[in-house]
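Coordinate inspection notes
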Amino acid sequence: MENIKSYVQQHKDRFINELIELLKIPSVSADTAYSQDVIDTAEAVKESLSKAGCDFVETCDTPGYPIIYGEKIIDPNLPTVLVYGHYDVQPPDPLELWTSPPFEPVIKNTDIHPEGAIFARGACDDKGQMYMHVKALEYMVQNNVLPCNVKFMIEGEEEVGSASLAWFVERNQEKLKNDVILISDTGMISNQQPSITTGLRGLSYVEVEITGPNRDLHSGLYGGAVANPINILAKMIASLHDEDNHITIPGFYDKVQELSAEERAEMAKAPFSLEKYKNALNIADVYGEKGYVTNERNSIRPTLDVNGIWGGYTGEGAKTVIASKAYAKISMRLVPNQDWHEITELFTKHFTSIAPAGVTVKVTPHHGGQGYVTPIDSIGYQAANKAYTETFGVPAIPVRSGGSIPIVALFEKELKSKTILMGFGLDSDAIHSPNEHFGIFNYLKGIETIPLFYKYFVELSK
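First, a word on what this report is: a plain description of the structure on this page. Note that the coordinates shown come from a computational prediction; the quantities given were computed from them, not determined experimentally. (Residues numbered from 1 in each chain as written. Predicted model: local features only at pLDDT ≥ 70, side-chain atom pairs only at ≥ 80, totals over all residues. Heavy atoms only, no water.)

1. A short note on the sheet that holds strand β14 (residues 360–369)
A sheet is described by the order of its strands in space; here 4 strands give the open sequence β11-β13-β9-β14, paired in antiparallel fashion. The open sheet has two edge strands with one neighbour each: β11 (303–311) and β14. Here the strands of the sheet are splayed against their neighbours by 15 degrees on average, with no regard to which way each runs. In this sheet, strand β13 (residues 325–334) lies alongside β11 in antiparallel orientation, the contact comprising 8 bridges. Among the inter-strand pairings, Thr-303 is bridged to a residue of β13, identified as Arg-333. (Pairing = 2+ DSSP bridges. Helix = DSSP H or I, 4+ residues; strand = E, 2+ residues; numbered from the N terminus. Axes fitted to C-alpha atoms, helices over the stretch in contact; angles between N-to-C directions.)

Dropping the structure here:
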């Protein structure tokens, strides 16, 4: 693989243009108005895998959007790498905050990306990172250096909970049989310091509805005499944290694994500037659970956050009304050992119990997933670290992410194999936000690094 750098440089313009064409398709899985675009994107991914060198590629129908499966089996006796990615993207709203249209990709230079970054929805999450694997396969096939078997499973529902993926995995365990799963849907510390995500938080996402009177009421005639659902909801939500920002749901922390002082010290080695963190967010100070620093609060500790709250009159001007109903959407990020079904139950029981008699409570679970930890002494981790070390010149640092990829725990349960998270995005890439982007350096460095993972994984597996 000595010529991988020259191959990437020789073809970089084509690699970039191919990704730009993929990013032009608005594959928003959450909005049915984009259904045909999601399907068109699946077909584009299928075509790209065929051109890259897969011997077999198919569109697999599911109860939802299709999964694209591809494979190149060179020897059944060799190890098999299963690559997972997703071709769907988040909605682009709010559109007015984009500096360029979200589905008209443009390359702009930034302070962090002086060589340019592609600005478009899905640039980093996950079309750009997924497509690195397609181009890495192309390089290995074209140069006859693919050292093992490879399978691809690219889905179109990651941004809406991956319900069809679970359905597909359960029914295709033999087809998906592998020795390690490789995913690029995470980030790294910086362009100078690579990192490997070794832990992910789980998730429980619910919607709550508080109902008071049977209709909206005049706030003068009825104010002070009946429970106001919006006031009650605000009080109930406020009570979910104590003065130390500790979550007050009984049993919530029962299965939380406390990291040792040694493990916390190892985490603290990752470069982090609190001042830069605050400046980047334009905040005066950080806020969180007492007894933990910022990088622990957003990775190894569980959280509870309100993601949306509404009710009553929100239009222009005034309307003196006590609303009949109030609503909120709440997400709980969980750490390994916390079961999301159990946490959802605990939340429902507690939230219902703290409501006053004047209102009724409805809790609707939406989706969730388990947390995940991958050991740093595994062959897969060691292979990834050697690959990063070779292309970046420094070893990768193991980090735990605050985000959730629920399907990782599903893969381990159903396919009995470990997942390696080789991310090349940066925290500043604005995924899920206006002006999402992915650095040209990161995109090309990913294509350069991924083939080395295959090389070292095979060597270490012998």
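Having seen the structure, we can now continue with the description.
2. A look at helix α3 (residues 127–142)
Along its 16 residues, α3 runs 22 Å from first to last C-alpha, staying within 8% of the 22 Å computed at 1.5 Å per residue. With respect to burial, α3 is a largely interior element, 14 of its 16 residues being buried. Note on α3: the residue one or two positions beyond its end, Asn-144, has a positive phi of about 55 degrees. (Expected span 1.5 Å × (residues − 1). Buried < 20%, exposed > 50% of the residue type's maximum accessible area, 1.4 Å probe, protein only.)

3. Quick look at the side chain of Ser-184
As for its position among the elements, Ser-184 is in the loop between β7 (180–183) and β8 (195–200). Assessed through its relative accessible area of 1%, Ser-184 is described here as buried. A polar contact is formed between the side chain of Ser-184 and the backbone oxygen of Met-422, at a distance of 2.6 Å. With sequence-adjacent residues up to four places away left out, Ser-184 is seen in contact with Tyr-84, Asp-126, Gln-129, Met-130, Met-132, His-133, Met-422 and Phe-424. (Polar contact = N/O pair within 3.5 Å; in protein donor to acceptor, adjacent residues only side chain to side chain. Contact = heavy atoms within 4.5 Å.)

4. Notes on unusual backbone geometry
For the peptide bond that leads from Asp-93 to Pro-94, omega is 0 degrees, which places it in the cis range. Relative to the helices and strands, Pro-94 is located in the loop between β3 (80–86) and β4 (106–108). Following Asp-125, the chain continues into Asp-126 via a peptide bond in cis, with omega recorded as 0 degrees. Residue placement: Asp-126 occurs in the loop between β5 (117–119) and α3. Of note, the phi angle at Asn-337 is positive, near 90 degrees, even though the residue is not glycine. Note on placement: Asn-337 falls in the loop between β13 and α10 (340–353). For Ala-430, which is not glycine, the phi torsion reads 60 degrees and is therefore positive. Within the secondary structure, Ala-430 sits in the loop between β17 (419–421) and β18 (437–439).

5. Quick word on the packing of helix α2 (residues 35–52) against α3
Think of two packed helices as two axes; the pair is described by the angle between the axes and how far apart they sit. Running from N to C, α2 and α3 cross one another at 20 degrees; their axes reach a closest spacing of 8 Å. For the element pair α2 / α3, the angle class is roughly parallel. Only Lys-127, Met-130, Tyr-131, Val-134, Leu-137, Glu-138 and Val-141 of α3 make contact with α2, whose side of the interface consists of Thr-41, Val-45, Ser-48, Leu-49 and Ala-52. In terms of residue class, the contact of α2 with α3 is made up of 8 nonpolar, 2 polar and 2 charged. (Parallel < 35°, antiparallel > 145°, perpendicular 65-115°, else oblique. Nonpolar A, V, L, I, M, F, W, Y, C, P; charged D, E, K, R; others polar.)

6. Things to note about the packing of helix α1 (residues 4–23) against helix α13 (residues 440–461)
Two numbers describe how α1 lies on α13: the axes approach to 10 Å, and their chain directions differ by 130 degrees. Considered as vectors, α1 and α13 are oriented oblique to each other. Crossing handedness for the pair α1 and α13: right-handed. Facing α1, whose interface residues are Ile-4, Lys-5, Val-8, Lys-12, Phe-15, Ile-16 and Leu-19, α13 presents Ile-440, Tyr-443, Leu-444, Ile-447, Glu-448 and Pro-451. Looking at side-chain class alone, the contact of α1 with α13 contains 10 nonpolar, no polar and 3 charged residues. (Left-handed = near helix turned anticlockwise from the far one by under 90°.)

7. Some points on the sheet that holds β5
The 3 strands are arranged β4-β5-β18 in an open sheet whose pairing can be described as antiparallel. If you trace the sheet from one side to the other, it starts and ends with β4 and β18, each paired once. Strand after strand, the sheet turns through a mean of 30 degrees between neighbouring axes, direction not considered. Here β4 pairs with β5 via 3 bridges, running antiparallel. Residue pairing in the sheet places Lys-108 in a bridge with Ala-117 of β5. Against the sheet, α13 makes contact with β4, β5 and β18, and its axis sits at roughly 60 degrees relative to β18, the strand it touches most.

Remember that the coordinates give geometry; whether it matters functionally is a separate question.
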